[in-house]
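One-letter residues, chain by chain:
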Amino acid sequence: MISVGIDVSKGKSTICILKPGGEVLQPPFEINHTADGLESLVALIKSFDEEVRVVLEDTGHYHLPVVIPLVESGIFVCCVNALRMKKFCSQSLRRAKTDKIDSIKIANFGLTYWSELTPTLPKGEVYQELKLLARQYYQTVSLLIKAKVNLSNLLDQSMPNIQTVLADNKSNCKLTDFVARYYHCSHILEMGEQGFTIDYCAWAKEKGYRLNERKAAQILAIAQNGIPTLPNSVSTQIAVSEAVKLIQSITESRNTILAQMQEFCKSLPEYFIVKDMPCIGDTLAPRIIAEIGDVRRFKNKRSLVAYAGIDAPPYQSGTFNASERHISKRGNSYLRKTAFEIMQSLIQHKPNGDPVYDFIQKKRSEGKSSKEAMVPVLTSFSAFITVRLWNFIR
């Protein structure tokens, strides 16, 4: 057997080829991530008469230019979890680290755990695109949160307490639409009570908001009693209007990404199974499918629980056996986040007869806090969804 250890870097890789007993078939050498470089690597690997297995570390996306051509050429490739590889490579007392040394250690990992290596299978195109869009979705959500915090800070200085009367939610954007037109307390007061009320009612009718003269009076009172710390100037108007435009732009990008995820999911048989579950709608269903991927790659329900990082590994030594253990959190954090949002949706909507919601209530009745109750519920939910999807697809 021959182990090919590849230490992946950005744009290049260092490769070492070993046999059992420390026999070096090829000392560490570098190749660039180009078509010619990878073709030469494939030719070298296929030139050996014995069984060859390629081992490398899962490095996000940097390893993909190496993995894809190797897998397409029918070569056995195993992508090892980065934490597991790090712990294996850190066993030496000397803390020497170079790309050449790492490639040797990775090749030795392949020889040590030869029987445990599992081949990396090519992902379905739909699942790949779903995961790509899911990552972009989370990036846009993160930017949207920062943009909203920025606008909130500006409004605290230009129109204090306006957010107690108007607020944005999932169905409308009353606050952002309002401050795009009325950006400062002085701007409202300069219009006068009658002028502002008429203009406000016309604006609300144009936007389709069910707002009336009483709401206009509340806003006028806030403008009269507020103490703005930013001047009614062109700079303030530009800052507020640009903050609003940024929120609107990011929101549009998020909605576009989510709509495309929904279109991809409609071609998958498990989409309708997931949507039939209580409190999982058009937003949560594509996200959880994107994070789980092809459910058939999990051996059983415990595999998905471990993949999500919500398992609690046993801890026992001698006569000591830990009874209260924390979840490992060594898994897909996005999957944990999505599952947690589903649990929150269940608590909010309280579906009758749903076994997952009933389990939450059972744990709460035992004295568990909401967060503590969700951990075993998340485990049960992950196991439940795996069984349903796996049985349906099979």
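Refer to the preceding data block for the structure.
Residues numbered from 1 in each chain as written. Predicted model: local features only at pLDDT ≥ 70, side-chain atom pairs only at ≥ 80, totals over all residues. Heavy atoms only, no water.

A.B. asks: I tried to follow the pairing of strand S1 (residues 2-8) on my own but got confused; where do I start?
C.D. replies: When a strand is regular, its side chains alternate between the sheet's two faces. Most of S1 is tucked away: 7 of the 7 residues are buried. As defined by bridge partners, S1 adjoins strand S4 (residues 52-57) across 5 bridges and the pair is classed as parallel. From the neighbouring strand, Ile6 faces S4, where its bridge partner is Leu56. Bridging between S1 and strand S2 (residues 12-19) involves 6 bridges; their strand directions are antiparallel. Paired with Gly5 across the strands is Cys16, a residue of S2. Linking S1 back to S2 in an antiparallel pair, the connection comprises 3 residues, with Gly11 at a positive phi of about 90 degrees. (Buried < 20%, exposed > 50% of the residue type's maximum accessible area, 1.4 Å probe, protein only. Helix = DSSP H or I, 4+ residues; strand = E, 2+ residues; numbered from the N terminus. Pairing = 2+ DSSP bridges.)

A.B. asks: Honestly, helix H1 (residues 35-46) in this entry has me stumped. Any pointers?
C.D. replies: An ideal rise of 1.5 Å per residue puts 16 Å on 12 residues; H1 measures up with 17 Å between its terminal C-alpha atoms. Every buried residue of H1 is accounted for by Gly37, Leu38, Leu41, Val42 and Ile45. Looking down the long axis of H1, one finds its buried residues gathered within 135 degrees of arc, a one-sided arrangement. Relative to its buried face, H1 has exposed residues pointing more than 90 degrees away, namely Ala35, Asp36, Glu39 and Lys46. Check the buried side of H1 and you find it contacts S1, S2, strand S3 (23-32), S4 and helix H2 (64-72). (Expected span 1.5 Å × (residues − 1). Arc of directions from axis to C-beta. Contact = heavy atoms within 4.5 Å.)

A.B. asks: What is the right way to look at helix H15 (residues 355-365) in this model?
C.D. replies: Every α-helix winds through 3.6 residues per turn, so residues three or four apart in the chain are directed the same way. Among all positions of H15, only Val356, Tyr357, Ile360 and Lys363 are buried. All buried residues of H15 project into a common sector of 120 degrees when viewed along the axis, lining one side. Of the exposed residues in H15, those oriented more than 90 degrees away from the buried face are Pro355 and Ser365. Positive phi appears at Gly367, one or two residues downstream of H15, with a value of about 95 degrees.

These results come straight from atomic positions and should not be treated as a statement about function.
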